[in-house]
Amino acid sequence: MKKEVKDLHDEATGHSQLTMQVVEHVRSLISSGEVHPGDRLPPERELARKLKISRSSLRAGIGFLSAMGVLKSRHGAGTFVSSGPPALDSSSLSVLGALHGFLPWQMFEARLVLESNVAALAAERATDEHIAELAEEVAEMYAALTDPHEYLIHDVRFHRTIARASGNPILGALMETITANLYEYRSKTVVNAVDLKESAEMHREIYRAIRSHNPAQARVTMEQHLNLARIAQASEAEASAARGAVPEAPQASEASTSPAESTSSTR
């Protein structure tokens with residue numbers, strides 16, 4: 001039994017190392033000036049051969065960078081460096097390892113405190129550009145209902161856009177650490193998602209509240225979304241553990257009896 005757990009841990013660790021190998025390579029391409037904002041990356045086959053990794057491992061790294069806003073994939077056109085400021089040097093990557101020890105209920109409690117208020121600020125301060133970006137991410141979520149990994153990328157980007165729309169760079173930096181951890185963990189479990197449509201509908205309601213510049217509604221709707229997401233992600237983790245895909249999240253069962261459970265639910 002101990003050997004099986006160790007094998008699963010080693011597999012997960014190896015996956016993370018390959019993801020970060022891709023991240024570091026893209027970082028070097030940008031830092032050296034070999035690629036610039038708006039440029040297209042070399043084809044997947046070429047990148048995978050250069051890094052000596054499988055194309056599936058390469059896609060995991062590209063997915064991470066897309067969720068962080070560094071890259072943007074366009075169907076049929078390739079993968080491009082985002083036009084906005086790259087997030088490669090943000091605190092999200094430097095603290096990623098330290099976040100792995102956090103318990104699931106602690107992460108959701110932090111998200112409830114931060115994101116509900118960030119959403120309220122976004123409803124007050126969002127520009128037309130922010131609102132257009134949120135609309136695009138919601139549309140992409142609906143388009144990716146049958147592709148959980150693609151859905152997750154747009155889910156994370158939606159939350160990052162809200163953080164930017166809050167107009168507070170300190171809150172934005174805190175949200176970067178949370179969204180990085182969210183993507184890193186959920187990329188291993190989201191394949192077991194059972195109702196992405198419900199999630200997409202909740203994101204649409206958050207978008208509508210921000211578009212209407214209604215802070216109270218944005219806060220309430222974000223709380224509803226996070227309470228539902230906590231339950232859904234606990235189910236995903238249990239399903240993954242049952243299949244032996246990834247180790248079960250530590251103390252995941254505490255989510256039902258943790259302080260997060262006592263946080264006022266708006267459902």
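One can find the structure itself at the top, above this paragraph.
The sections below set out a description of the structure shown in this document. Small disclaimer: the values here were computed from a predicted structure and weren't measured.

1. Here we look at the nonpolar core
Here's step 1: Grouped together as the largest cluster of nonpolar side chains are 30 residues, with contacts concentrated most on Phe158, Ile162 and Ile210.
Here's step 2: Every element with two or more residues in this core is listed here: α6 (104-125), α7 (128-143), α8 (148-165), α9 (169-186), α10 (196-211) and α11 (215-243).
Here's step 3: Per-element tally for this core: the top contributor is α6, with 7 residues.
Here's step 4: Residue contacts for Ile210: discarding those within four places in its chain leaves Ala119, Ala122, Ala123, Ala126, Ile131, Leu134, Ile162 and Ala218.
Here's step 5: Judged by nonpolar contacts, the second largest core, of 26 residues, contains Val22, Leu51, Leu58 and Leu65.

2. A short note on the pattern of salt bridges
Here's step 1: Throughout the structure, instances matching the rule amount to 10 salt bridges.
Here's step 2: Between Glu205 and Arg208 there is a salt bridge whose closest N-O contact spans 3.0 Å. On the criterion of helical spacing, the pair formed by Glu205 and Arg208 is a turn pair, its members being 3 residues apart in helix α10.
Here's step 3: What emerges from the salt-bridge pattern is a single network uniting Glu44, Arg55 and Arg59.

Cut-offs applied
- Residues numbered from 1 in each chain as written.
- Predicted model: local features only at pLDDT ≥ 70, side-chain atom pairs only at ≥ 80, totals over all residues.
- Heavy atoms only, no water.
- Core = buried A, V, L, I, M, F, W, Y, C linked by side-chain atoms within 4.5 Å.
- Buried < 20%, exposed > 50% of the residue type's maximum accessible area, 1.4 Å probe, protein only.
- Helix = DSSP H or I, 4+ residues; strand = E, 2+ residues; numbered from the N terminus.
- Contact = heavy atoms within 4.5 Å.
- Salt bridge = Lys/Arg side-chain N within 4 Å of Asp/Glu carboxyl O.

Read these as spatial facts, not as claims about activity.
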